[in-house]
Amino acid sequence: MPNHTGRRDGPMKLRLTVLCAKNVYKRDFFRLPDAFAKVVVDGSGQCHSTCTCKGTLDPKWNQHYDLFVGKNDSITISLWNHRKIHKKQGAGFLGCVRILSNAIQRLKDTGYQRLDLCKQSPDDNETVRGQIVISLMSRDRGAYSGSAVIDSRSICSPLPPADPNELPEGPAIETAGSSSGNITNHLVSTRSVHQARQRTNEEGGSKSSVRRQSSRFRNYQNRSTLHQTLDLPEGYEQRTTAQGQVYFLDTGTGLSTWHDPRLPRDLAIREEELGTLPHGWEARRTPSSRVYFVDHNNRTTQFTDPRLNAEIINRALTERKRGESSSPQAPRYQRDLVQKLKSIHAELQQLQPQTGHCRLEVSRENIFEESYRQIMKLKPKDLRKRLMIKFKSEEGLDYGGIAREWLYLLSHEMLNPYYGLFQYSRDDIYTLQINPDSGVNPDHLSYFHFVGRAIGMAVFHAHYIDGGFTMPFYKQLLGKPVSLDDMEGVDPDLHRSLCWMLENDITDIIQNNFAVDHDCFGQLTTSELKPNGKNIPVTMENKKEYVKLYVQWRFLRGIEPQFLALQKGFNELIPQHLLRPFDERELELIINGLGKIDVEDWQSNTRLKHCSVDSNIVKWFWKAVQSFDEEKRARLLQFVTGTSKVPLQGFKALQGSTGAAGPRLFTIHLVQDTNTDNLPKAHTCFNRIDFPPYESYEKFF
């Protein structure tokens, strides 16, 4: 490396950390950029590049570089798309930030800063959007000492997570002892702390800063002896931020949390056992209504209750275990999913406008086209308003039941292979996949956009779609890549053939090339898996590549525009980051609900009105249900509740009127003084079926 000290008049050594970028502008319709950052000290010859983050608008690097910067030097950080940089000069540019010499002095040793990306010059026509998060730290000897240098690992993990239960991102308003309040940023040094640090530097030391950090950590450790008595679960590490806040890192996944993994999140402790909060502490709530605690003395936040101690925790754990042993409990994976559902529904409630309704009036005979025209005219924020559905020529108020029935009928129409948007993946299993030949309808992309919105509305308003897709479809909706294992559930014969090809010697046995013949409206069409594929034979050396390309072709052949249109409509209602905690099977349950009806669960979670378990009507009802097959049970459930799907938690979680405080159980109502020649009447908003007092089972049935 050249001697910068000799070439420049007293350059300073800085460590530049490029953490991540946010909300980068998407230039390509079909592909996300492979973004990397380039760091240049203008005029010095120093140039560095980060690694490439593929297929994302929010790349994360967390890489640092030591730079020698003169007093008049500036630093330019530019963002590029690796896919485009080789095509022509200036191609692939996504934005840049130029930090002038005076700005370097202001940003130095102030923690992480979010800077807006700009154009290369004001005359550029290309759109630029987004921010980049960086930090500048002094590395010269005798400069600001250890307490001012922020460890990039400790800052990276506590950056605001997507989990709605995580601690609020700074700044937060501190109101202790002051009516006006001071702004405190939990990620970046505060003004008062920064001034205190400057005074410390002038005095030649940083003992008070170190003492403050150590006292915060000691206060955390002293809050509960649990932290000394129990080991962390395997794969977890306990760390502290530069401000002294304790957090926990899962080294296996790279995810961090403020919550101590040794404490169950749903541990219930009575308020009277805890007593009052210590002096200077305050309880607050996150947007998803989770309680957290603010320590005004040290200006930190945490989820752990400062009143907890080992005795209280151990007593609560003992009571919990005693209760678990005396009552049956759902499987662990199901409990976890229930907690995820509560979290996502709490987050979605924050996105719902508090006023107004999404009003749709459609006819049963033309429900697909009329719903399409009305939904595509509305903005996404209007679709998040409370649903009010009305069927033409029918009277009724929608308290949830009519909306469920509308989605049930609409899903039957829009997923019908007759319309050419979807097709069955196999003849013997009626799971759906996108039809690659849907382009026969010139407006097919607009219809897929509508389907995505309809599915998003069902999830947003806690309803279900009646119709299942292939598992690879849900993986793609989550942004996960498909693999050979996904082929087994879609086409078992093809899966066996490809596995055999990988496991055996195919020399002189398979004469395939990198091209596939398929039927398109009765015509045989050839698709190449790679350029000039029809002239490239499959051999032992390239068979793995052939299988990989074949699987991608099988799942993605001709459907990328359709899927992107559907995904766009879905994400207009359900932001993509809210789906990160779920896998593809959980997403299937969120969209489709449970398909199988458990009669015992149904019977044990049914409310009886004006009748009892010994009433003839009740006995006859369950006798009839037991005699039904799955299809008739589903039709009966759809008649009473508006949908044939059961929530993941079972019948105890059936939703009724949106004005109700909680779930509304399935209800059998015996209506006295009613003509027994009348048919049963259903109230889908309240999950209730009314029966006249029939004289016999034959008349009832």
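Our structure is the block above this text.
Please read all numbers here as calculations on a predicted model, not as lab measurements.

> Would you mind showing me how to read the sheet that holds strand S8 (residues 131–138) here?
Within a sheet, adjacent strands bond to each other through the backbone by hydrogen bonds, running parallel or antiparallel. Taken together, four strands build an open sheet; the order of strands is S4-S1-S8-S7 and the sheet is antiparallel. Every other strand in the sheet has two partners, leaving strand S4 (60–69) and strand S7 (113–116) as the edge strands with one partner each. Across the sheet, the axes of successive neighbouring strands diverge by a mean angle of 30°, strand direction being ignored. Here four bridges tie S7 to S8, and the two strands are oriented antiparallel to one another. Residue pairing for S8: Asp116 is matched across the bridge by Gln131.

> How do you make sense of the sheet that holds strand S24 (residues 666–670) when you look at a structure like this?
Spatially, four strands are ordered S23-S24-S26-S25 in an open sheet, and the strand pairing comes out mixed. At either end of the open sheet lies a strand with only one pairing partner, and these are strand S23 (606–609) and strand S25 (681–683). Neighbour to neighbour, the strand axes of the sheet diverge by 20° on average, direction disregarded. Judged from the three bridges that link them, S25 and strand S26 (residues 688–691) form a sheet pairing that is antiparallel. Residue pairing in the sheet places Lys681 in a bridge with Asp690 of S26. Here helix H21 (residues 616–627) sits on the sheet in contact with S23, S24 and S26, set at roughly 135° to S24.

> Would you explain the packing of helix H10 (residues 367–377) against helix H13 (residues 444–460) in this entry?
Put simply, H10 and H13 touch, their axes get as near as 10 Å, and they point 85° apart. By the angle between their axes, H10 is roughly perpendicular relative to H13. Counted together, Phe368, Glu369, Ser371, Tyr372, Ile375 and Met376 of H10 and Ser446, Tyr447, His449, Phe450, Arg453 and Met457 of H13 form the full contact between these two elements. The class makeup of the residues in the contact of H10 with H13 is seven nonpolar, three polar and two charged.

Rules used in this analysis
Residues numbered from 1 in each chain as written. Predicted model: local features only at pLDDT ≥ 70, side-chain atom pairs only at ≥ 80, totals over all residues. Heavy atoms only, no water. Pairing = 2+ DSSP bridges. Helix = DSSP H or I, 4+ residues; strand = E, 2+ residues; numbered from the N terminus. Axes fitted to C-alpha atoms, helices over the stretch in contact; angles between N-to-C directions. Contact = heavy atoms within 4.5 Å. Parallel < 35°, antiparallel > 145°, perpendicular 65-115°, else oblique. Nonpolar A, V, L, I, M, F, W, Y, C, P; charged D, E, K, R; others polar.

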